[in-house]
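# Remarks on the overall topology
For reference, the chains in residue letters:
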Amino acid sequence: MPINLCSDKAQEYFAEAQCTSDFTYTKAKLAIFCDGSVHDNPTQAEFNGIKHQDLDFLTGYKPFTFNYKQDLIEQVNFLKYLLY
């Protein structure tokens, strides 16, 4: 059975965690973030970590981050695994 990689929403704001995901899979309760080089800054990385923990704890949505430094195909395959 093919997996639909189309998200349900884009730029969804989660008030409880005070963060906005790039994409959201509502049924799977996954919030997708696309991180570029600005997220390499240690202060930004720490801030992201706190927001992602808050997102998980306060909403039940699991954060999934695409990182520009990592292999895109491997990241997409892992996302497929999470959606299956």
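Computed from a predicted structure; not experimentally measured.

Glancing now at the pattern of salt bridges. Counted according to the given criterion, the structure contains 3 salt bridges. With its nearest N and O atoms 3.6 Å apart, the salt bridge here joins aspartate 40 to lysine 69. Here lysine 69 lies in the loop between strand S6 (62–67) and helix H2 (72–83) and aspartate 40 lies in the loop between strand S5 (30–35) and helix H1 (42–59), a separation of 29 residues in the sequence. Relative accessible area serves as the criterion here: at 34%, aspartate 40 is assigned to the partly exposed category. Of the charged contacts, one joins lysine 62 and aspartate 56 as a salt bridge, the two residues approaching to 2.8 Å between their closest N and O atoms. Here lysine 62 falls in the partly exposed class, since its relative accessible area comes to 43%.

Here we come to unusual backbone geometry. Phi at glutamine 11 takes a positive value of approximately 55°, unusual for a residue other than glycine. Relative to the helices and strands, glutamine 11 resides in the loop between strand S1 (9–10) and strand S2 (13–14). Phi is positive for glutamine 18, close to 50°, though the residue is something other than glycine. Within the secondary structure, glutamine 18 sits in the loop between S2 and strand S3 (19–20).

With that settled, the discussion passes to the side chain of histidine 52. By secondary structure assignment, the location of histidine 52 is in helix H1. Classification of histidine 52 as buried rests on a relative accessible area of 16%.

In this section: the pairing of S6. Remember that side chains alternate between the two faces of the sheet whenever the strand is regular. Where S5 meets S6, 6 bridges bridge the pair, whose relative direction is parallel. Following the sheet pairing, leucine 30 is matched in S6 by lysine 62. The parallel pair S5 and S6, bridged by H1, forms a crossover whose chirality is right-handed.

On to the sheet that holds strand S4 (residues 23–25). Taken together, 4 strands build an open sheet; the order of strands is S1-S4-S5-S6 and the sheet is mixed. The two strands at the open ends of the sheet, each matched to only one other strand, are S1 and S6. Bridge count for S1 against S4 is 2 bridges, and the pairing is antiparallel. If you follow alanine 10 over to S4, its bridge partner there is phenylalanine 23. In the packing of H1 onto the sheet, the strands contacted are S5 and S6, and the crossing angle to S6 comes to about 145°. Across the sheet, H2 touches S4, S5 and S6, and the angle it forms with S6 is around 160°.

The rules behind the values
Residues numbered from 1 in each chain as written. Predicted model: local features only at pLDDT ≥ 70, side-chain atom pairs only at ≥ 80, totals over all residues. Heavy atoms only, no water. Salt bridge = Lys/Arg side-chain N within 4 Å of Asp/Glu carboxyl O. Helix = DSSP H or I, 4+ residues; strand = E, 2+ residues; numbered from the N terminus. Buried < 20%, exposed > 50% of the residue type's maximum accessible area, 1.4 Å probe, protein only. Pairing = 2+ DSSP bridges. Right-handed = clockwise from strand over helix to strand, strands pointing away. Contact = heavy atoms within 4.5 Å. Axes fitted to C-alpha atoms, helices over the stretch in contact; angles between N-to-C directions.

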